[in-house]
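In case you want the letters, here they are:
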Amino acid sequence: QVLLVESGGGLVQPGGSLRLSCAASGQTFSSYAMGWFRQAPGKEREFVAAITFSGGNTYYSDSVRGRFTISRDNAKNTVYLHMNSLKPEDTAVYYCAANFGVLTTTPTMYHYWGQGTQVTVSS
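All values reported here derive from a predicted model rather than from experimental measurement.

Enquirer: Please explain the overall build of the chain as it appears in this structure.
Expert: Counting its regular elements, the chain contains zero helices and eleven strands. Across the chain, helices and strands are ordered from the amino to the carboxyl terminus as β-β-β-β-β-β-β-β-β-β-β. Against the globule reference of 14 Å for 123 residues, the chain gives a C-alpha radius of gyration of 13 Å, in line with a compact fold. Projected onto the principal axes, the alpha-carbon positions of the chain cover approximately 40 × 30 × 25 Å. For the chain, the proportion of its 123 residues judged to be buried stands at 44%. Put simply, the chain has 9 plus and 7 minus side-chain charges, and the middle of one group is 4 Å from the middle of the other.

Okay, structure coming up:
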């Protein structure tokens, strides 16, 4: 069992930055690929970014590539999402997730999920 807890969300103006954190406890964190997803009201959950268990490979959705950066610190059992140049359309609840296998964009491939943290981009 893996427990994931997100933090770092909040209200930010367009063009601003936030750093989300996802702290993991339980089984060996460094064995999992990690992903970030988001869900806006009335919309389906969508993939944002993912990182392999070692941190050697990352992948981003087209909507965030070049603005967001995913990283991880296996010594701290934590994955991060650095978000820059935020736009109102980035407003959503952001979730981190863990999966046993390869880096993937598919939500159903992830085995564990956090409770989410709200990000609101508004002036």
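Back to the text.
Enquirer: It is not clear to me how the state of the cysteines should be interpreted in this structure. Could you clarify?
Expert: Defined simply, a disulfide is a covalent bond joining two cysteines at their sulfur atoms. In total, this model carries one disulfide according to the counting rule given. The disulfide partner of Cys22 is Cys96, and the gap between their sulfur atoms is 1.9 Å. Disulfide Cys22-Cys96: the torsion about the S-S bond is 50 degrees, which places it as right-handed. Of this pair, Cys22 sits in strand 3 (residues 18-26) while Cys96 sits in strand 9 (residues 92-99), and the two are 74 residues apart along the sequence.

Enquirer: How should I be thinking about the nonpolar core in this particular structure?
Expert: Grouped together as the largest cluster of nonpolar side chains are 30 residues, with contacts concentrated most on Leu4, Met34, Trp36, Leu81, Met83 and Tyr94. In this structure Tyr94 touches Glu6, Leu20, Trp36, Phe37, Arg38, Val48, Phe68, Leu81, Met83, Gly116, Thr117 and Val119, once residues within four positions along its chain are discounted.

Enquirer: What exactly am I supposed to notice about the pairing of strand 5 (residues 46-51) here?
Expert: Regular strands place their side chains on alternate faces of the sheet. With five of its six residues buried, strand 5 lies for the most part within the structure. Both strand 4 (residues 33-39) and strand 5 contribute to a ladder of five bridges, which runs antiparallel. Residue pairing in the sheet places Gly35 in a bridge with Ala50 of strand 5. Here strand 5 folds back onto strand 6 (residues 58-60) in antiparallel fashion, the turn holding six residues, of which Gly55 has a positive phi close to 85 degrees.

Enquirer: Which parts of the structure should I look at to understand the sheet that holds strand 7 (residues 68-73)?
Expert: The strands that make up a sheet pair up through hydrogen bonds in the backbone, lying either parallel or antiparallel. Read across the sheet, four strands follow the order 1-3-8-7 without closing on themselves; strand pairing throughout is antiparallel. Strand pairing shows two members of the sheet lacking a second neighbour, strand 1 (2-7) and strand 7, which therefore form its edges. Going across the sheet, the axis of each strand differs from the next one's by a mean of 15 degrees, ignoring polarity.

Enquirer: Would you mind showing me how to read the packing of aromatic side chains here?
Expert: For any pair of aromatic rings, the description consists of the separation of the ring centres together with the inter-plane angle of the planes. A full pass over the atoms with the stated rule returns nine aromatic pairs. An angle of 75 degrees between the planes, with centres 6.5 Å apart, marks the rings of Tyr95 and Trp113 as edge-to-face. In this pair, Tyr95 is assigned in strand 9 and Trp113 in strand 10 (residues 112-113), connecting sequence segments 18 residues apart. The class of Trp113 is partly exposed, set by a relative accessible area of 29%. Residues Phe100 and Tyr112 carry aromatic rings whose centres are separated by 6.1 Å and whose planes lie at 80 degrees to one another, so their mutual orientation is edge-to-face.

Conventions adopted
Residues numbered from 1 in each chain as written. Predicted model: local features only at pLDDT ≥ 70, side-chain atom pairs only at ≥ 80, totals over all residues. Heavy atoms only, no water. Helix = DSSP H or I, 4+ residues; strand = E, 2+ residues; numbered from the N terminus. Rg over C-alpha atoms; globule rule 2.2 N^0.38 Å. Buried < 20%, exposed > 50% of the residue type's maximum accessible area, 1.4 Å probe, protein only. Lys, Arg positive; Asp, Glu negative; His and termini not counted. Charge placed at Lys NZ, Arg CZ, Asp CG, Glu CD. Disulfide = S-S within 2.5 Å. Core = buried A, V, L, I, M, F, W, Y, C linked by side-chain atoms within 4.5 Å. Contact = heavy atoms within 4.5 Å. Pairing = 2+ DSSP bridges. Axes fitted to C-alpha atoms, helices over the stretch in contact; angles between N-to-C directions. Phe/Tyr/Trp six-rings, centres within 6.5 Å; stacked < 30°, edge-to-face > 60°.

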